[in-house]
Amino acid sequence: MKYPNDIMSKVLYTEDQIILKAKELAERINADYDGKPLTIVCTLKGATFFFADLMKYININCNIEFIKASSYVGNTTMTIGNVQISNVMNFVIENRDILIVEDIVDTGLTCDKLFEYFRKHNCASVNVCTLLDKPSRRQVGIIPKYCGYEIEDEFVIGYGLDYNESYRNIPCVGIINKKYI
Ligand code: 5GP
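The structure reproduced in this document is the subject of the present report.

The rules behind these values
- Residues numbered from 1 in each chain as written.
- Predicted model: local features only at pLDDT ≥ 70, side-chain atom pairs only at ≥ 80, totals over all residues.
- Heavy atoms only, no water.
- Pairing = 2+ DSSP bridges.
- Helix = DSSP H or I, 4+ residues; strand = E, 2+ residues; numbered from the N terminus.
- Axes fitted to C-alpha atoms, helices over the stretch in contact; angles between N-to-C directions.
- Contact = heavy atoms within 4.5 Å.
- Core = buried A, V, L, I, M, F, W, Y, C linked by side-chain atoms within 4.5 Å.
- Buried < 20%, exposed > 50% of the residue type's maximum accessible area, 1.4 Å probe, protein only.
- Near = heavy atom within 4 Å.
- Polar contact = N/O pair within 3.5 Å; in protein donor to acceptor, adjacent residues only side chain to side chain.
- Areas by Shrake-Rupley, 256 points an atom, 1.4 Å probe, with all protein chains shown as cover.
- Nonpolar A, V, L, I, M, F, W, Y, C, P; charged D, E, K, R; others polar.

### Section: the sheet that holds strand S4 (residues 84–86)
Strand order in the open sheet formed by six strands is S4-S3-S2-S5-S6-S7, with mixed pairing between adjacent strands. If you trace the sheet from one side to the other, it starts and ends with S4 and strand S7 (146–150), each paired once. Between one strand and the next, the sheet's axes are offset by a mean angle of 25 degrees, whatever the strand orientation. As paired strands, strand S6 (residues 125–133) and S7 are joined by four bridges and run parallel to one another. Across the sheet, the residue bridging to Asp133 is Glu150, located in S7. Running at roughly 150 degrees to strand S2 (residues 38–44), helix H2 (residues 48–57) makes contact with S2, strand S3 (62–70), strand S5 (97–105) and S6 of the sheet. Most of the contacts of helix H3 (residues 109–120) go to S5, to which it runs at about 170 degrees, and overall it touches S2, S3, S4, S5 and S6.

Listed below in C-alpha cells is the structure:
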C-alpha cells in the first residue's frame, strides 16, 4: 500500500536541496577536523539518510559509529524527557573528537544527554551536526555547531524522520498532514 498523496501538508526540503546542504556542511567539517582523531556518531534511526549523504563528502580520516537514542514513545509527537541511549559502550570515546549526527534537534534533551555521556568518558570534544533544528522548542542550552535548516515548531517526516515508525523512506522533508496524526 502506498503512502497517501497528501501525507505532507507541505514539502520543506527536497532531496536535491538536502544533498547540497550535506555537501556544504561536510566541507566545513573537513576543514575543522582535518588531522584530528574524529569519530562521527550517527543516531539511529532518523539520522541515517542525512548521515549517508554527509559521509559521501567527508574526505578526512575518521571512524564512524551508530547509537540509538530514544525519547519518543509510541505514536506520540511529543518529546519525553527520559532519553535512553544504547551502543555507546562499544567504542572508544577517550581523547576522540566526537561529532554526533542528528536528524533534528528539538528540545535538545537527547543531545544534552549524549554530550554529558561523552564528556563523562573523556572525549576530546563533542559537537553536533543536525539536518534540522527547531530552536523555538529548546529546553536546554544546546546550539548545534553544524545545522542544515532551522524550522518552525511543526512535526516533520521523511528523509529518515518518522511518525510512528512510518514515512522514513519518503525522499524529502515535509510537515505531516494533521489529519493523519
Ligand atoms: P530532542 O531530544 O531534541 O527533543 O529530540 C530529538 C529527537 O526527537 C529527534 O532525533 C527525533 O527523533 C525526534 N523529533 C523531534 N522533532 C521531531 C519532528 O518534528 N519529527 C520527527 N519525526 N521526529 C522528531
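What follows picks up the thread again.
### Examining the nonpolar core
Ranked by internal contacts, the top residues of the largest apolar core, which has 31 residues, are Ile29, Leu54, Leu132 and Val173. Within the residue set of this core, elements represented by two or more residues are helix H1 (15–33), S2, H2, S5, S6, S7 and strand S9 (172–176). Residue contributions to this core peak at six residues, all from H1. With sequence-adjacent residues up to four places away left out, Leu132 is seen in contact with Tyr13, Asp103, Ile104, Val105, Tyr149, Ile151, Val156, Leu161 and Val173.

### What to know about the site of the ligand
Taken together, 17 residues surround the ligand, and among them Asp103, Thr107, Thr110, Val156 and Asp162 come closest. A distance of 2.8 Å separates an oxygen atom of the ligand from a polar side-chain atom of Asp103. The side chain of Lys134 places a nitrogen or oxygen atom 2.9 Å from an oxygen atom of the ligand. Contact with the protein chains covers 92% of the free accessible surface of the ligand, which is 510 Å². Of all the secondary structure elements, the ones that give two or more residues to the shell around the ligand are S5 and H3. Tallying contributions element by element places S5 first for the shell around the ligand, with four residues. Its residues assigned to classes, the shell around the ligand comprises seven nonpolar, four polar and six charged.

Interpretation note: all reported values are geometric properties and have no functional meaning in isolation.
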